[in-house]
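Report on the structure
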Amino acid sequence: MTSVCEYRAGLEGVPVTQSSISFVDGQKGILEYRGIPIEELAAKSTFLESTYLLIWGKLPNRQELEEFKRDIQNHRRIKYRIRDMMKCFPESGHPMDALQASAAALGLFYSRRDLDNPVYIRDAVVRLVAKIPTMVAAFQLMRKGNDPVQPRDDLDYSANFLYMLNEREPDPLAARVFDVSLNLHAEHTINASTFSAMVTASTLTDPYAIIASAVGTLGGPLHGGANEEVIDMLEQIGSVENVRPYLEDRLERKAKIMGFGHRVYKVKDPRATILQNLAEQLFEKFGRDKYYDIAIEMERAVEEKLSHKGIYPNVDFYSGLVYRKLGIPTDLFTPVFAIARVAGWLAHWKEQIEQNRIFRPTQIYTGEHQVTYIPIEERE
Ligand code: CMC
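Conventions and cut-offs
Residues numbered from 1 in each chain as written. Predicted model: local features only at pLDDT ≥ 70, side-chain atom pairs only at ≥ 80, totals over all residues. Heavy atoms only, no water. Phe/Tyr/Trp six-rings, centres within 6.5 Å; stacked < 30°, edge-to-face > 60°. Helix = DSSP H or I, 4+ residues; strand = E, 2+ residues; numbered from the N terminus. Buried < 20%, exposed > 50% of the residue type's maximum accessible area, 1.4 Å probe, protein only. Near = heavy atom within 4 Å. Polar contact = N/O pair within 3.5 Å; in protein donor to acceptor, adjacent residues only side chain to side chain. Nonpolar A, V, L, I, M, F, W, Y, C, P; charged D, E, K, R; others polar. Salt bridge = Lys/Arg side-chain N within 4 Å of Asp/Glu carboxyl O. Domains from an automatic or database assignment. Contact = heavy atoms within 4.5 Å. Buried area = accessible area lost by both parts, 1.4 Å probe. Axes fitted to C-alpha atoms, helices over the stretch in contact; angles between N-to-C directions. Left-handed = near helix turned anticlockwise from the far one by under 90°. Pairing = 2+ DSSP bridges.

1. Topic: the packing of aromatic side chains
- Scanning the model with the defined rule gives 13 aromatic pairs in all.
- On the numbers, 5.0 Å between centres and 45° between planes, the contact of Tyr52 with Trp56 is tilted. Of this pair, Tyr52 and Trp56 both sit in helix 2 (residues 47-56), four residues apart, roughly one helical turn.
- Here Trp56 falls in the partly exposed class, since its relative accessible area comes to 26%.
- Ring centres of Phe260 and Phe317 lie 4.6 Å apart, and the angle between their planes is 50°; on these two criteria the pair is classed as tilted.

So this is what it looks like as structure tokens:
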């Protein structure tokens, strides 16, 4: 047995698995899913095609893709009991909490667990990929006091989500941009939520508990929650002239600039470059807004001040702008991230159980020993 004695906060640089799902080179700005560069997938593949690639390790042929799409389409509805449960959630609650609870609740309805059976795995994948968007859209409508909208069979995955959310058929460019954005967020090696999914998976629990666990981890502001904070930041800045004073003030107070920096990327996140391009297309078609100009100025100013530390825009910097333009409310940005990342979490679930050993790391104890128990009446 090897002994690892060095403690690294945040497990930085410590391998926790062997994986063939995705690859990142943070120095060169490379991201690949199963070896295929993200730029190619963004241009040529759809989110569902990439989901298949991530989970089953190869691009689907035409028949496999059609079957996968059809199965997803057939499982998009949610049980009325789940809907009724969601109706009881407080409308002031965060949609990520609603999503976490609803994902866990799916496990009540599909409780059979048969991890050695490929049919069970496929059914669970299909259900989760199909139902998570419906649950996100349903909570959004119900918290406004409206009934959820049923999925439409004539719309593809991304167009259908935007339809369920906004109650109208989306413009084809909006649907395509949203699909690319899902594609870009589908997987990203061992980040916090994926690690959380893997740890939960390693206990051989059911996939609904795994996704609920990962959703809970994704919600934090240092992870998926950052894109919400980017929009808050841009709104707070309010004008291009205020960018530099805002930045100076944050840096003086040693506060982080949301949407910048990454544990792995020390150059611009390749997903940010693609999203920036998509944002430009959207702004060109549907009208420019000042937040885009503020963002461009912010990127320029941060580059001047922080590029020596390898701080550049990450995926969250432009995703918020794109989602805002698509009419997605700010507090749904992270649930939308979850819709995409469910693909990666499920790929890691499948890989984990194929080579499973339960996670049981160790610690370096820093407390005392043989401490005397003090009776309560003698304590200060
Ligand atoms: N603004 C200003 N300075 C920064 C930033 C930032 N956003 N990020 C890192 N730094 C500085 C940091 O102050 C430190 O400087 P120094 O060495 O002088 O003390 C140095 O860069 C290293 O920072 P770190 O916090 O040790 O780096 P990390 O790898 O632990 O953190 C991070 C990575 C993403 C948590 C961090 O960059 C951050 O908090 N960014 C803002 C939040 C954000 O945008 N999160 C989304 C991440 S991408 C999507 C996802 O993973 O979900």
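Back to the text.
2. Observations regarding the site of the ligand
- The local shell around the ligand holds 18 residues, among which His223, Ile257, Phe260, Arg263 and Lys309 are the closest.
- The backbone of Phe260 places a nitrogen or oxygen atom 2.8 Å from a nitrogen atom of the ligand.
- In the environment of the ligand, an oxygen atom lies 2.9 Å from a nitrogen or oxygen atom belonging to the side chain of Asn314.
- When its residues are assigned to classes, the shell around the ligand shows eight nonpolar, six polar and four charged.

3. With respect to the pattern of salt bridges
- By the definition in use, this model includes 28 salt bridges.
- Across the pair Arg152 and Asp154 runs a salt bridge whose closest N-O atoms are separated by 2.9 Å.
- Ionic pairing is found between Glu304 and Arg244, a salt bridge with its closest N-O pair at 2.8 Å. In this pair, Glu304 sits in helix 14 (residues 290-306) while Arg244 sits in helix 12 (residues 243-252), placing the two residues 60 residues apart along the sequence.
- The class for Glu304 is exposed, based on a relative accessible area of 54%.

4. Some words on the domain arrangement of the protein chain
- The assigned domain composition of the protein chain is domain 1 (23-221 + 331-354) and domain 2 (226-325).
- The C-alpha centroid of domain 2 is placed 26 Å from the C-alpha centroid of domain 1.
- On the domain 2 side, the residues contacting the 30 residues of domain 1 number 27 residues.
- With both sides pooled, the region where domain 1 packs onto domain 2 buries about 2300 Å², and carbon together with sulfur makes up 68% of that total.
- In this assembly, domain 1 and domain 2 are joined by one salt bridge.
- Asp171 is the salt-bridge partner of Lys285, the closest N and O atoms lying 3.0 Å from each other.
- Only strand 1 (22-25), strand 2 (30-33), helix 1 (38-44), helix 8 (172-185) and helix 16 (333-354) provide two or more residues apiece to the side of domain 1 that touches domain 2.
- For the side of domain 1 that touches domain 2, the leading source of residues is helix 8, giving eight residues.

5. Things to note about the packing of helix 9 (residues 192-201) against helix 16
- Viewed as axis vectors pointing N to C, helix 9 and helix 16 meet at an angle of 35°, and their least axial separation amounts to 9 Å. Of the two possible hands of crossing, helix 9 and helix 16 adopt the one that is right-handed. Between helix 9 and helix 16, the contacting residues are Ser193, Thr194, Ala197, Met198 and Ala201 on the first element and Arg341, Trp345, His348, Trp349, Gln352 and Ile353 on the second.

6. Examining the pairing of strand 2
- Going residue by residue along strand 2, you find Leu31 and Tyr33 tucked away on one face and Ile30 and Glu32 left uncovered on the opposite face.
- Sheet analysis places strand 1 next to strand 2, joined by four bridges and oriented antiparallel. Bridging across to strand 2, Ser22 finds its partner in Tyr33.
- In sequence, strand 1 turns back onto strand 2 through a hairpin of four residues, with Gly29 there showing a positive phi of about 70°.
- Where strand 2 folds back onto strand 3 (residues 36-37) in an antiparallel hairpin, the turn is made up of two residues, including Arg34, whose phi is positive at roughly 50°.

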